[in-house]
Amino acid sequence: MNLGRTPFDISAKTHDPNAGLRGDYAHMAADYTVPQDMTRYDAAMQDRWQRLLSRQLELLPGRACRDFIEAVTLLDMKRGIPSLDEVNAQLTARTRWTLVGVPGLLPDDVFFTHLAHRRFPVTVWLREEHEFDYIVEPDLFHDFFGHVPMLFTPVYADYLQRYGEGGLKAAALDGLGWLARLYWYTIEFGLLREDGGVRAYGAGILSSPKELVYAVESPTSRRLPFDVLEVMRTPYLIDDVQAQYFVLESFPQLLDETAPDFAPYYRSLDAEAAAHA
Ligand code: HBI
Ligand code: FE
C-alpha cells in the first residue's frame, strides 16, 4: 500500500520530477551527481557554516552518541565547508563509503541505488540566512553535519547500504511508504541507549538545535523501544518535532532486526491497514 508521499517524494510534486526544487538539476550526470565547486562558497556562506556548526557542536556533549562525536572530531569541520573529495580519502578507507555531490533531493530509486552502492548523496548548496533555523529540503549542512559522521561507524554504514538495497526491493513491492518510516525513525530521527541515558544518532535530530534537546532531554518527548514493525506502523511529522522516537539498544540491533526480508512485513501491514480502512 502506498501511504502517499514519502518525506522527500519529489516525483509527487509534478510530472517533472525536479520541478519546484531549488537545486540546479540542469547540469547533473545521469546518476544525478554534480561536481562540488568549492569556489562557489563565498565568505557569507563560510561564515554561515561556522555559525551553524558552532551552535550544534555546543549541544553535542551528552546528547549525541559517542560515535557521532568521535567522527565530528575527526572531520574537524571548523576548518570550513568540507570538500567531499578530501573527506572521501578518510571515509572510503574506513567504511568503503563515498560521498557524491547532488543538486538536492533525488527520486527514491536514484537515492536507493546510490545507497545500495555505498555512495551517500550530499547536497552541494548551503541554506540562505533566512533559513538558518529551519529548512524544508536537506541542504549541505543537514546532509554533511547530520548524516556524514555516522558513515564512519561500520555497523551503521552496513545498515545504510542494506537500507538502499531494501528500498530498491520495496519499490517493486509497493512498500515504499512503510520503508520510508524506517528511514525516518532511524537515519533521520533515531535514538540510541548509551551510558545509562539516551543519545541521538539521527541526522534530523543532530542537525537541529531544537530537536536535539527535545528528543534527548524533554520529559514530554515519547521514547519507545525500537521495533521494526512498530516503526513501520507509526506515521511521522515532517515539519515539527516527532510525537515519538524509537530507541535502539545498540547499532548491531539495527542491523539484526532489519536483516529479515521485509515482504511479509509489508503484507501484514497492508492487511492491518485495509482492516482499519
Ligand atoms: N534524496 N538527496 C536526497 N536525500 C534524501 O535524504 C532523500 C532523497 N530522496 C528520497 C528520500 N530521501 C526519502 O524518500 C527516503 O525515504 C528514501
Ligand atoms: Fe536527511
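Everything numeric here is computed off the predicted structure, so don't read it as measured data.

What counts as what
Residues numbered from 1 in each chain as written. Chains lettered and ligands numbered in written order. Predicted model: local features only at pLDDT ≥ 70, side-chain atom pairs only at ≥ 80, totals over all residues. Heavy atoms only, no water. Donors = N, O, S within 2.8 Å, 3.2 Å for Na, K, Ca; no water. Helix = DSSP H or I, 4+ residues; strand = E, 2+ residues; numbered from the N terminus. Buried < 20%, exposed > 50% of the residue type's maximum accessible area, 1.4 Å probe, protein only. Axes fitted to C-alpha atoms, helices over the stretch in contact; angles between N-to-C directions. Parallel < 35°, antiparallel > 145°, perpendicular 65-115°, else oblique. Left-handed = near helix turned anticlockwise from the far one by under 90°. Contact = heavy atoms within 4.5 Å. Nonpolar A, V, L, I, M, F, W, Y, C, P; charged D, E, K, R; others polar. Salt bridge = Lys/Arg side-chain N within 4 Å of Asp/Glu carboxyl O. Pairing = 2+ DSSP bridges.

Chemist: Summarise the coordination of the iron ion (ligand 2); cite the residues concerned and give the values.
Modeler: Around the iron ion (ligand 2), the protein contributes the donor atoms His142 (NE2), His147 (NE2) and Glu188 (OE), at 1.9 to 2.1 Å from the metal centre. All donor residues of the iron ion (ligand 2) come from one chain, and their arrangement in sequence is H-x4-H-x40-E. Remark: Glu188 occurs in helix α7 (residues 176-188) and His142 occurs in helix α5 (residues 140-147); sequence separation between them is 46 residues. Exposure class is identical for His142 and Glu188. Each is buried.

Chemist: Which residues make up the packing of helix α4 (residues 108-116) against helix α6 (residues 154-173), and what values go with them?
Modeler: Two elements in contact, α4 and α6, have axes separated by 7 Å at closest approach and are oriented at 140°. By the angle between their axes, α4 is oblique relative to α6. Relative to α6, the crossing made by α4 is left-handed. Across the interface between the two elements, Asp109, Phe112, Thr113, Leu115 and Ala116 from α4 touch Leu160, Gln161, Tyr163, Gly164, Glu165, Gly167 and Leu168 from α6. For the contact of α4 with α6, the per-class residue count stands at six nonpolar, four polar and two charged.

Chemist: Run through the environment of Glu70, naming residues and quoting values.
Modeler: Position of Glu70 among the secondary structure elements: in helix α2 (residues 66-75). Judged by relative accessible area, Glu70 falls into the partly exposed class, the value being 48%. Between the alpha carbons of Glu70 and Ala259 there is a distance of 27 Å; along the sequence they are 189 residues apart.

Chemist: Go over the side chain of Arg118 with me, naming the residues and quoting the values.
Modeler: Among the structural elements, Arg118 can be located in the loop between α4 and β2 (119-123). Given the relative accessible area of 6%, Arg118 is considered buried. Excluding anything up to four places from it in sequence, Arg118 contacts Thr95, Arg96, Trp97, Thr98, Ala157, Asp158 and Gln161.

Chemist: So, the pattern of salt bridges: which residues are in play, and what are the values?
Modeler: Per the counting criterion, the structure on display carries 16 salt bridges. Residues Arg127 and Asp139 are paired through a salt bridge, measuring 2.9 Å at the closest nitrogen-oxygen approach. Residue Arg127 is found in the loop between β2 and α5, and its partner Asp139 is found in the loop between β2 and α5; the two are separated by twelve residues along the sequence. Of the residues examined, Arg127 reaches a relative accessible area of 4% and is grouped as buried. Glu230 is paired through a salt bridge with Arg233; the nearest N and O atoms lie 2.8 Å apart. Within this pair, Glu230 and its partner Arg233 are both found in helix α10 (residues 228-233), separated by three residues, close to a single helical turn. Given the relative accessible area of 35%, Glu230 is considered partly exposed.

Chemist: Give a description of unusual backbone geometry that names residues and reports values.
Modeler: One non-glycine residue, Arg118, lies in the positive phi region at around 55°. Positive phi is not limited to glycine here, since Asp195 has a value of about 50°. Tracing the sequence through the fold places Asp195 in the loop between β3 (191-194) and β4 (197-200). Assessed through its relative accessible area of 56%, Asp195 is described here as exposed.

Chemist: Give me the pairing of β4: which residues, what numbers.
Modeler: Side chains of β4 alternate between two faces, with Gly197 and Arg199 and Val198 and Ala200 buried alike. Between the end of β3 and the start of β4, which pair antiparallel, lie two residues, with Asp195 showing a positive phi angle near 50°.

Chemist: Account for the packing of α6 against α7, with residues named and values stated.
Modeler: When two helices pack together, you describe them by how their axes are tilted relative to each other and by the distance separating the axes. The geometry of α6 relative to α7 is characterised by a closest axis approach of 9 Å and an angle of 165° between their N-to-C directions. When the axes of α6 and α7 are compared, the pair comes out roughly antiparallel. In this structure, α6 meets α7 at a crossing whose hand is left-handed. Where α6 approaches α7, its residues Tyr156, Tyr159, Leu160, Tyr163, Gly166, Gly167, Ala170 and Ala171 are matched on the opposing element by Leu176, Leu179, Ala180, Leu182, Tyr183, Thr186 and Ile187. Looking at side-chain class alone, the contact of α6 with α7 contains twelve nonpolar, three polar and no charged residues.

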